[in-house]
Amino acid sequence: MTTAMGAALRRIQLGNALSAFGNGFTVPFLFIYVSQVRDLGASTAGLVLMTFAVSALVVLPFVGRVIDRRGPLPVAVAGTVSAAAGSMGMGLASSASLVFAAAAALGAGIAVIQPTLATMIVWCSTPTTRSRAFAMQFFLNNLGLGLGGLLGGQLVDTSDPGSFVRLFAIEAAMFLVLGVAVATVRLPKAPRVDDAVPTDERAKGGWRTLLGDRAMVQLCVLGFVMFFACYGQFESGLAAFSVEVTRISPATLGIALAANTAAIVLAQFVVLKLVEGHRRSRVMALVGVIWTVAWVAAGVSGLVPGAHGVATALLISTYALFGIGESMLSPTVAPLVADLAPARLVGQYNSAFALVKQLALAIGPAVGGLMAGGGLYVAYIAMVIACSLLITTLALRLGRRLTPAQDNPLVARTQRRPAETKATSERTAVHV
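Quantities reported herein were computed from a predicted structural model and do not represent experimental measurements. (Residues numbered from 1 in each chain as written. Predicted model: local features only at pLDDT ≥ 70, side-chain atom pairs only at ≥ 80, totals over all residues. Heavy atoms only, no water.)

Colleague: How should I be thinking about a nonpolar patch on the surface in this particular structure?
Modeller: Residues L47, M50, V54 and V58 make up a contiguous nonpolar surface patch of about 350 Å² in total accessible area. Counting through the fold element by element, M50 comes out in helix α3 (residues 42–70). (Patch = residues over 30% accessible without salt bridge, like charges linked within 9 Å, V, L, I, M, F, W, Y side chains within 5 Å. Areas by Shrake-Rupley, 256 points an atom, 1.4 Å probe, with all protein chains shown as cover. Salt bridge = Lys/Arg side-chain N within 4 Å of Asp/Glu carboxyl O. Helix = DSSP H or I, 4+ residues; strand = E, 2+ residues; numbered from the N terminus.)

Colleague: What's the story with empty space enclosed by the protein in this structure? I'm lost.
Modeller: Rolled over the atoms, a probe as big as a water molecule pinpoints where empty space is left. As enumerated under the stated definition, the model contains one cavity of 30 Å³ or more in all. Its boundaries defined by the atoms lining it, the largest cavity holds a volume of some 140 Å³. In terms of lining, the largest cavity is formed by 16 residues, of which the most central are S131, V275, E276, R280 and P331. The class makeup of the residues in the lining of the largest cavity is seven nonpolar, six polar and three charged. (1 Å grid on protein atoms, 1.4 Å probe; cavity = no way out; pocket = protein on both sides within 12 Å on 5 of 7 lines; lining within 4 Å. Points joined across faces, edges and corners; volume = space filled by probe spheres on them. Nonpolar A, V, L, I, M, F, W, Y, C, P; charged D, E, K, R; others polar.)

Colleague: In this structure, what is going on with the pattern of salt bridges? I would like to understand it.
Modeller: Think of it this way: side chains of opposite charge can pair up when their charged atoms draw near. Tallying each qualifying case throughout the model produces five salt bridges. Here R130 makes a salt bridge to D339, at a shortest N to O gap of 2.6 Å. Here R130, found in helix α6 (residues 130–155), pairs with D339, found in helix α14 (residues 333–340); they are 209 residues apart in sequence, far enough to count as distant. By relative accessible area, which is 0% here, D339 ends up buried. For D407, the salt bridge goes to R279, with nearest N and O atoms at 2.7 Å. In this pair, D407 is assigned in helix α17 (residues 404–407) and R279 in the loop between α11 (250–275) and α12 (280–301), connecting sequence segments 128 residues apart. Linked through salt bridges whose partners overlap, the residues forming this network are R130, R280 and D339. (Buried < 20%, exposed > 50% of the residue type's maximum accessible area, 1.4 Å probe, protein only.)

Colleague: Is there a simple way to think about the nonpolar core in this case?
Modeller: A general tendency of soluble globular proteins is for nonpolar side chains to be buried together. Core analysis: the largest hydrophobic core is formed by 101 residues, its most contacted members being M90, M216, L219, L222, L238, M284 and W291. Take this core: its biggest share by element is 11 residues, from helix α5 (residues 96–123). Those residues in contact with M284, other than ones at most four positions away along the chain, are L219, L222, M226, L329, T332, V333, L336, I391, A395 and L398. Formed by five residues, the second largest nonpolar core is a distinct cluster that contains A56, A111, A354 and L355. (Core = buried A, V, L, I, M, F, W, Y, C linked by side-chain atoms within 4.5 Å. Contact = heavy atoms within 4.5 Å.)

Colleague: Please clarify how the packing of aromatic side chains should be interpreted in this entry.
Modeller: How two aromatic rings sit relative to each other is given by the distance of their centres and the angle of their planes. Within the structure shown, the criterion is met by 11 aromatic pairs. Between F241 and Y377, the ring centres sit 5.9 Å apart and the planes meet at 65°, which makes this aromatic pair edge-to-face. In this pair, F241 is assigned in helix α10 (residues 237–244) and Y377 in helix α16 (residues 377–401), connecting sequence segments 136 residues apart. Judged by its relative accessible area of 3%, F241 is buried. Exposure remark for Y377: the relative accessible area of 16% places this residue in the buried category. (Phe/Tyr/Trp six-rings, centres within 6.5 Å; stacked < 30°, edge-to-face > 60°.)

Colleague: When you look at the environment of M88 in this model, what are you seeing that I'm missing?
Modeller: Within the fold, M88 resides in helix α4 (residues 72–92). For the pair formed by M88 and V165, sequence separation is 77 residues and the distance between their alpha carbons is 7.7 Å. If we skip the residues at most four places from it in the chain, M88 touches V165, F168, A169 and A172.

These results come straight from atomic positions and should not be treated as a statement about function.
Here it is, written out as structure tokens:
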């Protein structure tokens, strides 16, 4: 990495961390704010949360093409402005229509920010430094969200709507800080993916190229199952199972969620050192195994209601194991998306994967919530265990389609160095 690339990456990461910090002030309290503070009811609150997902699904199919044509920087700035306006609008809205409009602007802005930041990180890194860059982004995101949620909990007062206005104002300000940070970044003129994989510059059409890339399609299917089986269950099926079957209190559920964040923050760079140098497909397959163990622990916690301490420990372990798996995926999946992308379609590939993630986060809670509402907890645990095993199977199958440079860029580069040294020596000998 050049000095300029490192400086740009640090500024991007700092802005991203501050926006996550601001986001943490409001995310845990959105449902309460809409349903109780604005007195719009639980049904409206649920629809508002769905609006976030719908607005993201609307804009993501088009974001990638704009990023690749205009560059990620102006698109990111536009996303931060939309997110800031939506956040401030949420704080000031007093009617259902205004809340929905603000939620749509906020959801669309965040959806635009995600692939643009990913593309900028790709542009400011190389295949061998990319895993560490994305691991740092994931670490800072979780640290910022955790700290923001902790401070937001101290400021919030459900009897005082003004306290929520302050929270949303802080979030809006942090989005604008992110916008200023990325607007002043000097990006490299071309993305640094040229030595990752061969590209086909003759291909026409971003979506046509992507859908014809069988490795990328397999990765998207794998990503959907990952997000469905983990992130998509935190606020629905797993939370319902924890309270209704394991019989833990909401306060203990909060401790379990904190254990998830703590596992990510404490283990991220330890895990990074362990997975660097290993094949990405094998790392993702191992995540499936870890999450299988996590879901088995959750299921067992519901079978020992008489031993409340054991059940609680098992459930907290479930959330912690999910965190370990997440910390393994952060330096693996996003860099692989970048290394699969032709240089001219980095934004398209990042946006497509973000779209897959958003679909999983929309469908996952709905499926989990419906099964929990019907009391189908045994079938629910069986389903998520099957999904976790499917992750392992899909990851191993994906590994057969990846080139050595895509599956393990560090080893591929190490293997190239002796060959390059030998070639240089031979050329020198010929000259002599």
